[in-house]
Amino acid sequence: MQKREKTKKLIARIVFDAMMIAIYVVLARFLVIPTPIVEISIISLPILLCAKLFGIGDVLVIATIGSFLEQAVSPYGLMPTTPLWMMPIILMGAFAGVAFHLTRNSEKKLWTYVIIIISELILTFGNTVVLMLTGYVVFEMSFKWLIGLAAPRLINSGFRMLISCILLPTLVPPLKKILK
């Protein structure tokens, strides 16, 4: 009976990971608010949920596969710069996975909020660096124009932080019960 329980938990975890990949791709490609300067989205939510629930192994799988599929279905498709665009979400997931693991026994919700904020800043900073690199090298855009994108990108990051800080503590307890 013990082996059957372990198998059930493993299958539930794999199904959950697959759902998080699908949710990530949908949030990244189809539930985005486009503006002339930046796209507003909540792509980090499935990554943060997985990091909080399972840790770094699962989150790296979700971030890698999800960001690859997102790039594949994007208007740009798969290009030589695809790995560069995948790195920010993978780094964000790695940080969140390790940080949530290190604070898993803490009763303070403050750690959750701090981890979310730092994770979102990692994602924003990483995406901005990749945008600047590809914009400057590939499209020969001026740095002045690219630096002008920093403020809207930080606003987008703040939006993701707020949504994640509200939804993550709300969604984790019921998901833990379901996944037991």
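Report on the accompanying structure. (Residues numbered from 1 in each chain as written. Predicted model: local features only at pLDDT ≥ 70, side-chain atom pairs only at ≥ 80, totals over all residues. Heavy atoms only, no water.)

## A word on the overall build of the protein
For the record, the criterion: The way it works is that DSSP assigns letters per residue, a run of H or I at least four long becomes a helix, a run of E at least two long becomes a strand, and they are numbered from the N terminus. A simple rule labels every residue: compare its accessible area, found with a 1.4 Å probe on the protein chains alone, to the largest value its type can have, and call it buried under 20%, exposed over 50%, or partly exposed in between. Contact between two residues is taken to exist if any of their heavy atoms lie within 4.5 Å; hydrogens are not considered. Surface accessibility in these figures is a Shrake-Rupley result with a 1.4 Å probe; residues are shielded only by whichever protein chains are displayed.
The helix and strand tally for the protein stands at seven helices and two strands. Ordered by position in the sequence, the α and β elements of the protein form the string α-β-β-α-α-α-α-α-α. Here the protein holds 180 residues, and the buried ones make up 41% of them. A fraction of 72% describes how many contacts in the protein between residues 6 or more apart in sequence connect residues 24 or more apart. Counting every atom, the protein has about 10700 Å² of accessible surface; 73% of that belongs to carbon and sulfur.

## Let's talk about a nonpolar patch on the surface
Cut-off, in case you're wondering: Surface patches are drawn from residues lacking salt bridges whose relative accessible area is over 30%; two like charges belong together within 9 Å, two nonpolar side chains (Val, Leu, Ile, Met, Phe, Trp, Tyr) within 5 Å. For this analysis, a salt bridge means a side-chain nitrogen from Lys or Arg found within 4 Å of a carboxyl oxygen belonging to Asp or Glu.
Where nonpolar side chains cluster on the molecular surface, the patch consists of Val 61, Ile 65, Phe 68, Leu 69 and Leu 78 and spans about 410 Å² of accessible area. Its place among the elements puts Val 61 in helix α3 (residues 56–73).

## Quick word on the nonpolar core
Our working definition: The set of buried Ala, Val, Leu, Ile, Met, Phe, Trp, Tyr and Cys residues whose side-chain atoms join them within 4.5 Å is what this entry labels a nonpolar core.
Counting residues in each nonpolar core, the largest one holds 33 residues, and the members touching the most others are Ile 47 and Ile 89. Every element with two or more residues in this core is listed here: α1 (2–29), α2 (44–53), α3, α4 (82–102), α5 (110–137) and α7 (150–179). Excluding its chain neighbours within four sequence positions, the residues that come into contact with Ile 89 are Tyr 24, Ile 43, Ile 47, Ala 63, Ser 67 and Leu 123.

## Quick word on the side chain of Ser 44
Defined as follows: Any pair of N or O atoms that falls within 3.5 Å is considered a polar contact. Within protein, one atom must be able to donate a hydrogen and the other to accept it, and sequence-neighbouring residues count only if both atoms are side-chain atoms.
Relative to the helices and strands, Ser 44 resides in helix α2. Polar contacts involving the side chain of Ser 44 include one to the side chain of Glu 120, which spans 2.4 Å. Not counting residues within four places of it along the chain, the set of residues in contact with Ser 44 comprises Met 92, Glu 120, Leu 123, Arg 160 and Ser 164.

## So, the environment of Ile 40
With respect to the helices and strands, Ile 40 occurs in strand β2 (residues 39–40). Under the relative-accessibility criterion, Ile 40 is labelled partly exposed at 23%. A sequence separation of 120 residues divides Ile 40 from Arg 160, and the C-alpha atoms of the two residues are 8.3 Å apart. With residues near it in sequence (within four places) discarded, Ile 40 still touches Leu 31, Val 32, Ile 33, Thr 35, Asn 156 and Phe 159.

## So, the packing of α2 against α7
Our working rule: Convention adopted: a line fitted to C-alpha atoms gives each axis, helices being fitted over their contacting stretch, and angles between N-to-C directions are expressed from 0 to 180 degrees. Note on terminology: angles under 35 degrees are roughly parallel, angles over 145 are roughly antiparallel, angles of 65 to 115 are roughly perpendicular, and the others are oblique. Handedness of a crossing follows from how the near helix is turned relative to the far one, being left-handed for an anticlockwise turn of less than a right angle and right-handed for a clockwise one. Each residue gets one label: Ala, Val, Leu, Ile, Met, Phe, Trp, Tyr, Cys and Pro are nonpolar, Asp, Glu, Lys and Arg are charged, and the others, such as Gly, are polar.
Two elements in contact, α2 and α7, have axes whose closest approach is 9 Å; the angle formed by their N-to-C orientations is 45 degrees. Here α7 runs oblique to α2, going by the angle between their axes. Between α2 and α7 lies a crossing whose hand is right-handed. Of α7, the residues touching α2 (which contributes Ser 44, Leu 45, Leu 48, Leu 49, Lys 52 and Leu 53) are Arg 160, Ser 164, Leu 167, Leu 168, Leu 171, Val 172, Leu 175, Lys 176 and Leu 179. Residues of the contact of α2 with α7, tallied by class, amount to ten nonpolar, two polar and three charged.

## Things to note about a positive patch on the surface
As a reminder, the rule being used: Positive charges come from Lys and Arg alone, negative charges from Asp and Glu alone, with His and the N- and C-terminal ends not counted. To locate a charge, the coordinates of NZ of Lys, CZ of Arg, CG of Asp or CD of Glu are taken.
Judged by side-chain charge, Lys 9, Lys 176, Lys 177 and Lys 180 come together as a positively charged surface patch. Positionally, Lys 177 belongs in helix α7.

## Things to note about the pattern of salt bridges
In the structure shown here, the tally under the stated rule is three salt bridges. A salt bridge links Arg 160 to Glu 120; the shortest N-O distance between them is 2.7 Å. Of this pair, Arg 160 sits in helix α7 while Glu 120 sits in helix α5, placing them 40 residues apart in sequence.

## Thoughts on the environment of Val 26
Here Val 26 lies in helix α1. In this structure the C-alpha to C-alpha distance between Val 26 and Gly 66, which are 40 residues apart in sequence, comes to 9.6 Å.

## Examining the environment of Arg 153
Relative to the helices and strands, Arg 153 is located in helix α7. According to the relative accessible area criterion, Arg 153 is buried, its value standing at 14%. Along the sequence, Arg 153 and Glu 39 sit 114 residues apart, while their C-alpha atoms lie 8.6 Å from each other.

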